[in-house]
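# Chains, contacts and geometry: an overview
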Amino acid sequence: MYNSVAPLRVDFKTVSRMSAPSLKDAFGREISYLRLSVTDRCDLRCAYCMAEDMKFLPKRDVLSLEELEFLAAAFIDRGVKKIRLTGGEPLVRRDIMSLINRLGARFEANELEELTITTNATQLERFAGDLFAAGVRRVNVSLDTLDDENFFRLTRRRQLGAVIRGIDAAQRAGLKVKINTVALKDTNQSEIPAMIEWAHGRDMTLTLIEVMPLGEIEQDRFDQYLPLSAVSDDLKSRWTLEPLEMKTGGPARYWRIIETGGVLGMITPLTNNFCAGCNRVRVTCTGEIYMCLGHGDKLDLRAALRGPNPTQTLNELLDVAMRRKPERHEFEISKPGAEPAVARHMSVTGG
Ligand code: SAM
Ligand code: SF4
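Treat the numbers as computed from the prediction; the structure is a model and nothing was measured.

## Points about the packing of helix 2 (residues 65–77) against helix 3 (residues 96–108)
For any two helices packed against each other, one specifies the crossing angle of their axes together with the interaxial distance. At a closest axis distance of 10 Å, the pairing of helix 2 and helix 3 adopts a crossing angle of 20 degrees. In terms of their interaxial angle, helix 2 and helix 3 are classed as roughly parallel. Relative to helix 3, helix 2 is oriented so that their crossing is right-handed. Taking contact as the criterion, the partners of L65, L68, E69, A72, A73 and I76 in helix 2 are, on helix 3, I96, S98, L99, R102, L103 and R106. A class-by-class count of the residues in the contact of helix 2 with helix 3 yields 8 nonpolar, 1 polar and 3 charged.

Given below as structure tokens:
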């Protein structure tokens, strides 16, 4: 159990919180969105995300569920309105529903506008009903292919059936499902139009994402990278894409496809910088806050959490984080064989 190896020095329930100003960075951006990673572990091994022999963190380094809740509460006290749980795979963390239920209570109390989760959906069939009951209304499901063999090649696991059952269960439970698909040269490139038709046929928005150069993997990123400008040109030759004003608090831009009637999102960190409207920070499952997905700069919140006077120390660190949040990321995949722009894997900070 995580709790037994990471003794807490304070009883979080009895700590009185100071009211503190909302989080605003040096560029005047209000930070109202926290992406909180609850584990670095995963039951899949997506080739662009993890190496097959990925080394996971020792459990004592990972925040307990109580520590994660305390951290989330500190952000809520500073004006965060939206929390997305991510990982690794959040639904493989033992007892994850106890954290989700406690954060869900803050949604019910109107302290949070949204509690949501990014998942690979392998475990969603058994969690869908509980998630809805806890107050979760939307889930993002990451799915890059609808072909069994391609799924195995991409994730190194045979779990497509479980994923589809998970999506079915989520929709039955009343959860709004959004599909996120990483566009990968050659691997799923030819499947993209069929995936869009499938998603729209099930009343799901599908968002395409450019692969980002995060962490060393077996393959060269240059071989995976498919600019969405090229995908968009191909889609426009088949369908009519009407730009939408729609905003979901994230970096995606949206189009309606007239012929399918559904919505297509695109997240283009490489071909189109989206930093000006950034409203978020990320915290890893070890309590490191990353002010930007595309930078290595981070601050350790775990020491504050486990030290004396955690409320005050955390607040001071959040102020430092705001001063250090950079204006923009510096991703680039311009040539074969380049080092990753950022050494950590996406599974450290989550998507
Ligand atoms: N396991 C969960 C899942 O797959 O939805 C949550 C964590 S996963 C790291 C979050 C998202 O990051 C997924 O949509 C995944 O496709 C995306 N991702 C992982 N590595 C990426 C990379 N190098 N570039 C772009 N997206 C990446
Ligand atoms: Fe796991 Fe998500 Fe990374 Fe795939 S993208 S290996 S499902 S954490």
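## A look at the pairing of strand 3 (residues 114–119)
In terms of burial, strand 3 is a largely internal element, 6 of the 6 residues being buried. Taking every second residue as pointing to the same face, both faces of strand 3 are buried, with E114, T116 and T118 on one and L115, I117 and T119 on the other. One ladder, built from 4 bridges, connects strand 2 (residues 82–86) with strand 3; its direction is parallel. Directly across from I83, in strand 3, lies its bridge partner L115. Since strand 2 and strand 3 lie parallel, the crossover through helix 3 that links them has a hand, and here it is right-handed. Running through helix 4 (residues 124–134), the crossover from strand 3 to the neighbouring parallel element strand 4 (residues 138–142) is right-handed.

## Some thoughts on the site of ligand 2
The immediate surroundings of ligand 2 are formed by C42, L44, R45, C46, C49, M50, G88 and N120. Partitioned by chemical class, the residues of the shell around ligand 2 number 5 nonpolar, 2 polar and 1 charged.

## Considering the sheet that holds strand 2
Taken together, the 12 strands give an open sheet; going across it, the order is 7-8-9-6-5-4-3-2-1-10-11-12, and neighbouring strands pair in mixed fashion. On the outer flanks of this sheet lie strand 7 (241–244) and strand 12 (298–300), each paired with one strand and no other. This sheet shows a mean twist of 25 degrees between the axes of neighbouring strands, independent of strand direction. Pairing geometry for strand 1 (residues 33–37) and strand 2, over 5 bridges, is parallel. Looking at strand 2, one finds that R35 is bridged to R84. Along the sheet face, helix 2 touches strand 1, strand 2, strand 10 (280–283) and strand 11 (288–290) and points at about 170 degrees away from the line of strand 1. Strands in contact with helix 9 (residues 228–238) are strand 5 (176–183), strand 6 (205–210), strand 7 and strand 9 (263–267); relative to strand 6, the strand with the most contacts, it is inclined by about 140 degrees.

## Regarding the environment of D43
Position of D43 relative to the elements: it lies in the loop between strand 1 and helix 2. Note: C-alpha distance between D43 and N120 (77 residues apart in sequence) is 9.0 Å. Beyond its immediate sequence surroundings of up to four residues, D43 is in contact with E89, V92, N120, T122, Q123 and R157. Side chain to side chain, D43 and N120 meet in a polar contact 2.9 Å long. At a separation of 3.0 Å, a polar atom in the side chain of D43 contacts the side chain of Q123.

## What about the side chain of R138?
With respect to the helices, strands and loops of the structure, R138 is situated in strand 4. Here R138 falls in the buried class, since its relative accessible area comes to 19%. Among the polar contacts made by the side chain of R138, one reaches the side chain of E114 at a distance of 2.7 Å.

## So, the pairing of strand 1
In terms of residue burial, strand 1 counts as a mostly covered element, since 5 of its 5 residues are buried. Residues of strand 1 alternate between two faces, with Y33, R35 and S37 on one and L34 and L36 on the opposite face, all of them buried. Of the crossover connections in this fold, the one passing from strand 1 over helix 2 to the parallel strand 2 is right-handed. Examined bridge by bridge, strand 1 and strand 10 share 4 bridges and lie parallel to one another.

## Examining helix 2
Given a rise of 1.5 Å per residue, 13 residues ought to cover 18 Å, and the 18 Å separating the end C-alpha atoms of helix 2 matches this to within 8%. Of all 13 residues in helix 2, 11 are buried, a share of seventy percent or more. Taken residue by residue, helix 2 has L65, E67, L68, E69, F70, L71, A72, A73, A74, F75 and I76 as its buried positions. The positive-phi residue at the C-terminal boundary of helix 2 is G79, with phi of around 100 degrees.

The rules behind these values
- Residues numbered from 1 in each chain as written.
- Chains lettered and ligands numbered in written order.
- Predicted model: local features only at pLDDT ≥ 70, side-chain atom pairs only at ≥ 80, totals over all residues.
- Heavy atoms only, no water.
- Axes fitted to C-alpha atoms, helices over the stretch in contact; angles between N-to-C directions.
- Helix = DSSP H or I, 4+ residues; strand = E, 2+ residues; numbered from the N terminus.
- Parallel < 35°, antiparallel > 145°, perpendicular 65-115°, else oblique.
- Left-handed = near helix turned anticlockwise from the far one by under 90°.
- Contact = heavy atoms within 4.5 Å.
- Nonpolar A, V, L, I, M, F, W, Y, C, P; charged D, E, K, R; others polar.
- Buried < 20%, exposed > 50% of the residue type's maximum accessible area, 1.4 Å probe, protein only.
- Pairing = 2+ DSSP bridges.
- Right-handed = clockwise from strand over helix to strand, strands pointing away.
- Near = heavy atom within 4 Å.
- Polar contact = N/O pair within 3.5 Å; in protein donor to acceptor, adjacent residues only side chain to side chain.
- Expected span 1.5 Å × (residues − 1).

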